[in-house]
Amino acid sequence: MSEEKLDRLSALIAQFQIEAHVLTRPDYQQGNFFIIQEKQCEDYNACRLFYYPHKAMDEVVEFPFPEEKMLVAACIDTGGNSNPVTLALPNVVEIYLGDDKALQDVSNILLEEAMALRCGGQAVINRLCEVVMIRLMRHLIEAGKTEVGLLAGLAHPGLSRAIVAMHENPEKELQLEDYAHIAAMSRTHFVNNFRKLVGVTPGQYLSNWRLTLAHMHLKRGMPVKTVASKVGFSGSPAFSRAFVNRFGMSPREFIQNGIHN
């Protein structure tokens, strides 16, 4: 029996919802996601996708292509730089759609909708952009496009299982040996490979993930005590100390100040 394929993205997507808004001229420069055409080609085989994951809304991108070749421009929100996938990406992601058939197929549907201007097309195009972004993330993982960071860890067959376990169940009291077992590695091999590929130790990554989730839950109005338990801290004092070390203020100060960044 073949081994069940690991779902490496669902736990992340569940926490950081992808939202897309397609732009029209003259608002193209507000975007961070573009599909451009190299030459006239009916099946869009000559298209390239550009994604600027760290671009600020007021930042102007110097496009490396003439505007008239642009087929789709969109503003993609993946939850900001708190999303570990976004943090793991380079400043510019550039892909020839022909290099990944699955990415090209879903992009072709997006392009057909964008060119047709059917009733309800704007909503459909926005949703299709979100699907293209998910497929883009898969492509980056499968193609091993990043040498260090979360995507590099998710591309590794053993480490990815441990990372997904952290993403799916941050509240579980698992030890380093447990994660090494999930990754089917010795403790030393697991720690060394994790640090080499992800850039931090397993403990640091899990702590950062828990605090990232805590930050999000507090923004959504969840009580401090509930958040502490939900993300795996033994109690509110331990959670408060870790939160202060990461964000420079206690959870209650964060709520009182009404900070939403």
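In this text the structure is predicted, and so the values were computed from the model without any measurement.

*Asks:* Mind showing me how you'd approach unusual backbone geometry here?
*Replies:* Trans is the prevailing form of peptide bonds, just as negative phi is the prevailing case for residues other than glycine. The backbone of A184 sits at a positive phi, close to 60°, despite the residue not being glycine. Inspection of the secondary structure puts A184 in the loop between helix 7 (176–182) and helix 8 (187–198). A relative accessible area of 71% places A184 in the exposed class.

*Asks:* Can you help me understand helix 6 (residues 159–168) in this one?
*Replies:* Owing to its 3.6 residues per turn, the α-helix aligns residues three or four sequence positions apart on the same side. With eight of 10 residues buried, helix 6 is to be regarded as a mostly interior element. Among all positions in helix 6, only L159, S160, A162, I163, V164, A165, M166 and H167 are buried. In this structure, the buried side of helix 6 is in contact with helix 1 (10–15), helix 5 (150–155), helix 7, helix 8 and helix 9 (202–219).

*Asks:* Looking at this model, I keep getting lost on the side chain of T86. Mind explaining?
*Replies:* Its location among the elements puts T86 in helix 2 (residues 84–88). Of the polar contacts made by the side chain of T86, one reaches the side chain of T78; its length is 2.7 Å.

*Asks:* Teacher, can you tell me more about the environment of M222 here?
*Replies:* Within the secondary structure layout, M222 lies in the loop between helix 9 and helix 10 (224–230). In the structure, M222 is positioned 33 residues away from I255 in sequence and 9.9 Å away in space, judged by C-alpha atoms. Non-local contacts of M222, meaning those with residues more than four positions away in its chain, are made with H217, V227 and K230.

*Asks:* Please clarify how the pairing of strand 5 (residues 93–96) should be interpreted in this entry.
*Replies:* If a strand is regular, its side chains alternate between the two faces of the sheet. Burial along strand 5 is one-sided: the residues V93 and I95 are buried and none of E94 and Y96 is. In this sheet, strand 5 lies alongside strand 3 (residues 47–51) in antiparallel orientation, the contact comprising four bridges. Within strand 5, the position partnered with L49 by the bridge is I95.

*Asks:* Please clarify how the pattern of salt bridges should be interpreted in this entry.
*Replies:* Between side chains of opposite charge, a pair can form as their charged atoms come close. Within this structure, the stated rule accounts for six salt bridges. Here R48 makes a salt bridge to E94, at a shortest N to O gap of 2.4 Å. Taken together, the residues span a long stretch of sequence, with R48 in strand 3 and E94 in strand 5 at a distance of 46 residues. E142 is paired through a salt bridge with R135; the nearest N and O atoms lie 3.7 Å apart. Three or more residues are tied together by salt bridges with common partners; here these are D100, R135 and E142.

*Asks:* So what exactly am I meant to see when it comes to the packing of helix 6 against helix 9 here?
*Replies:* Describing two packed helices takes the angle between their axes plus the distance from one axis to the other. Orientation of helix 6 relative to helix 9, taken along the N-to-C sense of each, is 30°, at an axis distance of 10 Å. Overall, the two elements helix 6 and helix 9 adopt an arrangement that is roughly parallel. Judged by the twist between their axes, the crossing of helix 6 over helix 9 is right-handed. Judged by residue contacts, I163, M166 and H167 of helix 6 engage P202, Y205, L206 and W209 from helix 9.

*Asks:* What should I look at first to understand the packing of helix 3 (residues 101–116) against helix 4 (residues 121–142) in this one?
*Replies:* Helix 4 packs onto helix 3 with a crossing angle of 165° between their chain directions and a minimal axis gap of 9 Å. Considered as vectors, helix 3 and helix 4 are oriented roughly antiparallel to each other. Between helix 3 and helix 4 lies a crossing of left-handed hand. Across from A102, L103, V106, S107, I109, L110, E113 and A114 in helix 3, the residues of helix 4 making contact are G121, V124, I125, L128, C129, V131, V132, R135 and L136.

*Asks:* Would you explain the environment of F247 in this entry?
*Replies:* Inspection of the secondary structure puts F247 in helix 11 (residues 236–247). Setting aside anything within four residues of it in sequence, one finds F247 in contact with L211 and H215.

Cut-off values and rules
- Residues numbered from 1 in each chain as written.
- Predicted model: local features only at pLDDT ≥ 70, side-chain atom pairs only at ≥ 80, totals over all residues.
- Heavy atoms only, no water.
- Helix = DSSP H or I, 4+ residues; strand = E, 2+ residues; numbered from the N terminus.
- Buried < 20%, exposed > 50% of the residue type's maximum accessible area, 1.4 Å probe, protein only.
- Contact = heavy atoms within 4.5 Å.
- Polar contact = N/O pair within 3.5 Å; in protein donor to acceptor, adjacent residues only side chain to side chain.
- Pairing = 2+ DSSP bridges.
- Salt bridge = Lys/Arg side-chain N within 4 Å of Asp/Glu carboxyl O.
- Axes fitted to C-alpha atoms, helices over the stretch in contact; angles between N-to-C directions.
- Parallel < 35°, antiparallel > 145°, perpendicular 65-115°, else oblique.
- Left-handed = near helix turned anticlockwise from the far one by under 90°.

Any link to function would need more than the numbers given here.
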